[in-house]
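Residue strings, one per chain:
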Amino acid sequence: MSQNKAAKGGAATKGKKPGKPGAEEKREDVLQAVLIADSFQTRFQPFSLEKPRCLLPLANTPLIEYSLEFLAMNGVQEVFVYCGAHHDQIERYIHDSRWSPSSRSCPFSTLEFIRVADARSIGDFLRDLDKRNIIGGDFVLVHGDLVANIPLDGALAAHKARREANRDSCMTMVLREAGEGDHNTKTKGITPAFIIDPDAKRCLHYEEIHPLQTDHYVTLDPSVLENREAEARTDLIDAEIDICTPDVLALWSESFDYELPRANFLHGVLKDWELNGKMIHTEIVNEGYSARVRNLQMYDAVSQDVLNGWTYPFTPACNIFPGQTYSLRGDDVYREDDVEVESGSEVFDTILGKDTRIGSGCTIRNSIVGRNCKIGKNVRIVDSFIWDDATIHDGAVVEHAIIAERAVVGKEAFIHEGCLVSFGVHVSDKKDITSITLLSLLSPNGQPASTEHEFVGYEGKGARFQSPQDDDLDSDDPSILQKSLIYTLDELDLSDSSVSTLADDDYMSDDESRPLSPTASQPTSRSRLSSFASDDSGAPTFSSFHSDAVHGLLDVLRGISGNFESEKLEFMSLRLANNASDTAMRKAVATAFVRRAVELMNAEDGALEPSKAAKQVLTSREGAMEFVTEVGVGDQSVSEQVEFALAVQKACVSSSKIVDVARAGNLLAAMLQQMYDLDILEEEGIVGWWEDDRGKEEGLMADVRDKCQALVEWLENADEESEEEEDEDEDDE
């Protein structure tokens with residue numbers, strides 16, 4: 001672990017611009033890293049309402065400790081931490097730890113926090129990073145829930161060699177081969193498919209497959225396989241450890257609709273390779289440990305791997321984290337100092353934190369118990385996680401559940417599998433909490449919840465937690481598979497023909513009976529149907545439909561391929577294949593047209609003003625106006641017009657990551673004006689949008705909307721004048 005002089009932390013400062021020739025070579029001796037400390041997901045709610053995911057305890061150690069240890073062991077010197085929710089807690093934790101740049105034991109020369117007030121996605125973070133010009137060369141991109149012990153020396157050297165040979169080699173993904181057998185941390189449900197050139201180690205295509213979709217195959221552009229060998233790999237662990245050049249940040253900035261590193265960015269960059277010319281490679285390793293605690297199921301699995309020593313040296317026995325005093329006792333029990341276990345209790349395959357007290361007659365198996373916990377007599381805890389300062393009273397049973405800090409489980413209460421009992425919740429004596437029940441003191445909006453005695457008992461404190469987002473999920477949304485501690489398909493209506501294949505019409509045999517890649521009836525040496533999920537799963541509004549639809553429309557708008565007559569057929573086929581909603585269709589159309597207008601506004605030669613960019617994007621390509629009318633707006637009812645105008649507003653808000661807010665607002669006004677002039681939107685539709693509360697949300701939505709006030713006032717005045725003229729005509733008659 002490197003020891004470097006301390007440097008002052010705080011907000012990031014600007015450094016040398018990465019685009020200058022020779023900048024990377026000048027800083028070759030400084031390895032930088034960017035740590036994303038917010039996933040913008042709700043998978044750890046209700047816990048993450050009070051504490052960020054990266055500070056939740058994994059084997060009694062905050063998750064971010066594992067991520068920072070990984071960077072330190074690989075010689076990283078400068079770390080930039082992007083915080084979102086609960087940024088104050090993260091900054092305070094780092095400031096009080098050995099990772100503080102003011103601490104002599106800090107292995108980093110620089111550790112700086114960066115806040116982005118209006119960030120809504122990981123993409124927003126990385127576009128902001130591109131603007132700051134603080135990245136001087138290659139950097140490692142990781143997340144704050146990473147647990148890994150893989151050395152990066154070989155991957156860094158290979159990345160450097162490829163970059164020196166070809167400057168368009170911009171990123172290397174470090175992937176872990178999983179092998180044929182079962183693996184404890186194989187994420188259930190979603191299978192990422194990497195199409196890789198094994199000789200060049202270049203990733204050619206990326207897709208995600210899940211059991212809820214109708215067709216389980218990957219459709220490839222035939223050009224991907226031209227003059228090269230390709231392997232379909234679904235046996236790879238992807239913990240999203242990426243070695244990047246500054247060009248990666250530029251690619252994020254060029255596409256403001258990218259939000260997720262895999263489902264959006266990787267998929268999109270590979271799909272647009274002929275346009276952007278950038279290449280992404282893989283470094284596949286077969287030793288070491290690598291996983292992201294991306295959901296509660298992975299939290300369970302990685303915790304078990306820590307307990308079983310697979311994450312060495314990040315295990316209790318090594319006491320690598322400051323202040324820990326674990327020692328291995330009989331029956332594979334790791335105990336810290338000052339732990340008391342009364343006679344008659346059986347404890348095995350468990351971690352026990354300091355100052356914990358366990359009464360007589362207890363059974364604790366395959367669990368992790370935090371510090372200063374009070375476990376009464378005759379308690380049974382199996383496959384569970386008890387966080388610091390929790391109290392489990394006499395005779396209680398906890399089976400495969402999580403009991404958070406300061407929570408209290410009453411006498412003879414029964415907490416069934418899959419339950420989450422959040423911070424400070426009290427469960428009454430003899431209360432039976434049914435499977436997969438979430439209890440919290442807070443409501444989904446973060447406000448205190450009124451106690452619901454039917455769920456916690458008459459002497460209890462807390463309420464049932466149910467996120468409103470869960471109610472909005474479609475039945476085929478893959479995030480359903482990752483929202484619980486327990487993985488199950490029992491309540492889902494699945495087809496028996498869930499077979500994963502790699503298919504393309506041009507690469508099928510004459511009788512179309514033999515797929516190119518393995519199926520369930522054609523096993524291969526890699527057990528490809530069981531693999532790790534990417535963190536990008538569970539983003540319903542940015543599925544492969546959105547990405548593919550937007551890129552197809554952009555190709556037509558740019559004049560690269562096709563026309564709107566053929567694109568309409570392709571678009572509608574894509575919609576049917578993905579069962580995309582009307583909302584998803586509107587969003588894709590609005591995003592593509594606004595994105596093309598922004599490209600015209602930012603063109604190096606002949607950049608257009610918003611009004612001219614809006615007119616050109618809607619009129620320069622034959623059929624564009626009809627496409628927006630028929631596909632984007634739909635049946636021309638006022639309500640549909642309002643919805644499409646709202647989709648255009650949101651697309652313009654997203655564009656403010658590339659152009660300033662004022663120009664984004666001017667573009668929105670220009671788009672609405674042009675659509676009115678072209679009879680795509682009527683006056684009633686635009687006025688209805690203006691009055692809709694959804695468009696008035698504080699922040700960027702309101703800022704962009706304000707630029708349209710003059711247009712709306714003009715429409716309203718024109719309507720009044722028209723009515724007056726009609727009245728005068730009637731009087732003359």
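Residues numbered from 1 in each chain as written. Predicted model: local features only at pLDDT ≥ 70, side-chain atom pairs only at ≥ 80, totals over all residues. Heavy atoms only, no water.

1. With respect to the environment of phenylalanine 414
Reasoning step 1: With respect to the helices and strands, phenylalanine 414 occurs in strand S31 (residues 414-415).
Reasoning step 2: Separated by 20 residues in sequence, phenylalanine 414 and threonine 434 have C-alpha atoms that sit 8.3 Å apart.
Reasoning step 3: Setting aside chain neighbours within four positions, we find phenylalanine 414 in contact with Arg380, Val397, Glu399, Lys431, Asp432 and Ile433. (Helix = DSSP H or I, 4+ residues; strand = E, 2+ residues; numbered from the N terminus. Contact = heavy atoms within 4.5 Å.)

2. Side note on the packing of aromatic side chains
Reasoning step 1: If you walk through the whole model with that rule in mind, you get 21 aromatic pairs.
Reasoning step 2: Ring geometry for tyrosine 66 versus phenylalanine 321: centroids 5.0 Å apart, planes at 70°, classification edge-to-face. Note that tyrosine 66 is positioned in helix H2 (residues 63-73) and phenylalanine 321 in the loop between helix H9 (296-307) and strand S16 (327-329), a separation of 255 residues in sequence. Here the two residues tyrosine 66 and phenylalanine 321 agree in accessibility, since each one is buried.
Reasoning step 3: Among the aromatic residues, those joined into a cluster by ring pairs are Phe44, Phe47, Tyr299, Phe385, Trp387 and Phe423.
Reasoning step 4: Positioned over the ring face of tryptophan 99 is arginine 98, at 4.1 Å from the centre of the ring.
Reasoning step 5: Positioned above the aromatic ring of tryptophan 690 is the side chain of arginine 705, whose terminal nitrogen or guanidinium carbon lies 3.6 Å from the ring centre. (Phe/Tyr/Trp six-rings, centres within 6.5 Å; stacked < 30°, edge-to-face > 60°. Buried < 20%, exposed > 50% of the residue type's maximum accessible area, 1.4 Å probe, protein only. Lys NZ or Arg CZ within 6 Å of the ring centre and 35° of its normal.)

3. Comments concerning the side chain of arginine 233
Reasoning step 1: As for its position among the elements, arginine 233 is in strand S12 (residues 231-233).
Reasoning step 2: On the basis of relative accessible area, arginine 233 is assigned to the buried category, the value being 4%.
Reasoning step 3: Polar contacts involving the side chain of arginine 233 include one to the side chain of glutamate 177, which spans 2.9 Å. (Polar contact = N/O pair within 3.5 Å; in protein donor to acceptor, adjacent residues only side chain to side chain.)

4. Re the nonpolar core
Reasoning step 1: Formed by 63 residues in total, the largest nonpolar core has its most connected members in Phe571, Phe593, Leu672, Met675 and Trp689.
Reasoning step 2: When residues in this core are grouped by element, the largest group, eleven residues, is from helix H14 (residues 582-601).
Reasoning step 3: Judged by nonpolar contacts, the second largest core, of 35 residues, contains Leu129, Leu175, Leu251 and Leu270. (Core = buried A, V, L, I, M, F, W, Y, C linked by side-chain atoms within 4.5 Å.)

5. Quick word on helix H4 (residues 122-132)
Reasoning step 1: Among the eleven residues that make up H4, eight are buried, leaving the element largely enclosed by the rest of the structure.
Reasoning step 2: Listing the buried residues of H4 in full gives Ile122, Gly123, Asp124, Phe125, Leu126, Arg127, Asp128 and Leu129.
Reasoning step 3: By the N-cap criterion, in which a side-chain oxygen at the helix start approaches the backbone nitrogen of a residue two or three places on, H4 is capped by serine 121, the distance to glycine 123 being 3.3 Å.
Reasoning step 4: Looking at the residues trailing H4, positive phi occurs at asparagine 133, about 55°.

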